[in-house]
Amino acid sequence: MASKKMLCSEWEPINPMEYKGIWVYVEVEGGHIHEASLQLLGEARRIADELDTYVGAVIIGYGIKELAREPIYYGADKVFVVDDPRLEKYYPNLYGDVVCKLAKKHKPEALLVGGTMRGRELAPYIANNLKTGITADLTSIEVDKETGDIILIRPPFGAWMLAHIKTRNRRPVMGSVRPNIFPTPERNEDRDGEVIEETIDEVLDPRMEYLEYTPIEKAEEIPIEKADIIVSGGKGLGSKEGFKLLEELAELLGGVIAGSRKAVDAGWIPHDRQVGQTGKTVKPNIYFAVGISGAAQHIFGIREAKRVVAINIDPDAPIFENADYGIVGDYKEIIPALIEVIKEMKMKKSGSAKN
Ligand SMILES: Cc1cc2nc3c(=O)[nH]c(=O)nc-3n(C[C@H](O)[C@H](O)[C@H](O)COP(=O)(O)OP(=O)(O)OC[C@H]3O[C@@H](n4cnc5c(N)ncnc54)[C@H](O)[C@@H]3O)c2cc1C
């Protein structure tokens, strides 16, 4: 017999006052804590201080005990650790079940999850199992000074407005946050905190078969969110071929290539290189926007860039309003000219170094 789906209105009521602490799910992959989790710990610290509560970090996996103190150095007061051989491989429902079990036991007021590939899968699973709401891809967090409510803020579906979302009657308040929305706090080994080792006695059923794991990111490629120099292309490149020119420029400058959503949708560049609201937030020293019009959703992803150089054939393109330097013209003429100048400069430099 098919099980009857419960409506939200039929959920057991909870008492929000029993829930304390701002938790962060700390993602570990390949023996490293994901930068997005460290960024969330900094933000959790800020909110916890406003609410006079503690920051909790949940870190689960196998062979991860030696990382247990790391979240403390980035702002956590308590770290809940589950180090279990059954968690050696990542199964979303298995990891999700463990996080839910800890949340049911310790009742955090909020739970933040990095909007990484893994986090985007885990967060809704956890929210569904804890019967709470979730704000995906939030961009800032506020605390209502009068009520102490946590308000999660995000732009709704690309509009020029911000939605302020309160989860009134369910706990934890849950949100996922893309990498680089918040800065990474300074690591401070002098910070003190408590490591709490938890065990899972229940049978953990992955309910799926693990066939193979192929990391998508090539080891030698710098992810765009970590790059210092980005040469980014848009629909104005006209074809995939245009990216070859951008690649040449990026290589000369020691940077990487990225693109707008239209370039991704056209299949000219992979989705993990998309900059913007539904792509990644980047924070390079220099961002070249080539043949990119400057839509709000794209600008959202480059607001942390130190300098923006826009190259566009249309002098009225909105990208120029968000650029530090603008070049009006056809990229097919401008990029080769830039490449030539940089090559010449490099040759002169290596020549003078030899002399
Ligand atoms: C919910 C939602 C989320 C979105 N998320 C994202 C996102 O994450 N990232 C993102 O980028 N977009 C996103 N978009 C899409 C966004 O609204 C724009 O459609 C997109 O950014 C436009 O891409 P573009 O600038 O490459 O293309 P266009 O807007 O078509 O601009 C092309 C530009 O190239 C210029 N050009 C043409 N020929 C040349 C030439 N020869 N040399 C130089 N310049 C030339 C043109 O003047 C024009 O300014 C989202 C939209 C929605 C609704």
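Residues numbered from 1 in each chain as written. Predicted model: local features only at pLDDT ≥ 70, side-chain atom pairs only at ≥ 80, totals over all residues. Heavy atoms only, no water.

1. A short note on the pattern of salt bridges
Logical step 1: In the structure shown here, the tally under the stated rule is 24 salt bridges.
Logical step 2: Between Glu29 and Arg118 there is a salt bridge, with the nearest N and O atoms lying 3.9 Å from each other. With Glu29 in strand β2 (residues 28-29) and Arg118 in helix α4 (residues 117-130), the pair connects residues that are 89 residues apart, well separated along the chain.
Logical step 3: Here Arg118 falls in the buried class, since its relative accessible area comes to 11%.
Logical step 4: The closest approach of N and O atoms between Lys65 and Glu197, which form a salt bridge, is 3.7 Å. (Salt bridge = Lys/Arg side-chain N within 4 Å of Asp/Glu carboxyl O. Helix = DSSP H or I, 4+ residues; strand = E, 2+ residues; numbered from the N terminus. Buried < 20%, exposed > 50% of the residue type's maximum accessible area, 1.4 Å probe, protein only.)

2. Topic: α4
Logical step 1: With 14 residues, α4 extends 21 Å from end C-alpha to end C-alpha; this agrees with the ideal 20 Å at 1.5 Å per step.
Logical step 2: Listed in full, the buried residues belonging to α4 are Arg118, Gly119, Leu122, Ala123, Ile126, Ala127 and Leu130. What you see down the axis of α4 is that its buried residues fit within an arc of 135°, all on one side. With respect to the buried face of α4, the exposed residues turned more than 90 degrees away are Met117 and Asn128.
Logical step 3: One or two positions beyond α4, positive phi appears at Lys131, with a value near 55°. (Expected span 1.5 Å × (residues − 1). Arc of directions from axis to C-beta.)

3. Here's the deal with the site of the ligand
Logical step 1: Among the 26 residues in the neighbourhood of the ligand, the closest are listed as Ser260, Thr278, Ser293, Gln297 and Asn312.
Logical step 2: The contact in question runs from an oxygen atom of the ligand to an N or O atom on the backbone of Lys235, over 2.7 Å.
Logical step 3: Here an oxygen atom of the ligand and a side-chain polar atom of Ser260 are 2.5 Å apart.
Logical step 4: Where the shell around the ligand is concerned, the elements lending two or more residues are α6 (261-265) and α7 (296-302).
Logical step 5: Grouping the amino acids of the shell around the ligand by side-chain chemistry returns six nonpolar, 15 polar and five charged. (Near = heavy atom within 4 Å. Polar contact = N/O pair within 3.5 Å; in protein donor to acceptor, adjacent residues only side chain to side chain. Nonpolar A, V, L, I, M, F, W, Y, C, P; charged D, E, K, R; others polar.)

4. Some thoughts on empty space enclosed by the protein
Logical step 1: Considering all chains together, one arrives at one cavity of 30 Å³ or more under this definition.
Logical step 2: Taken as a whole, the largest cavity holds about 40 Å³ of empty space.
Logical step 3: In terms of lining, the largest cavity is formed by Glu109, Gly148, Asp149, Ile150, Lys166, Thr167, Arg168, Arg171 and Val173.
Logical step 4: Counted by class, the lining of the largest cavity contains two nonpolar, two polar and five charged residues. (1 Å grid on protein atoms, 1.4 Å probe; cavity = no way out; pocket = protein on both sides within 12 Å on 5 of 7 lines; lining within 4 Å. Points joined across faces, edges and corners; volume = space filled by probe spheres on them.)

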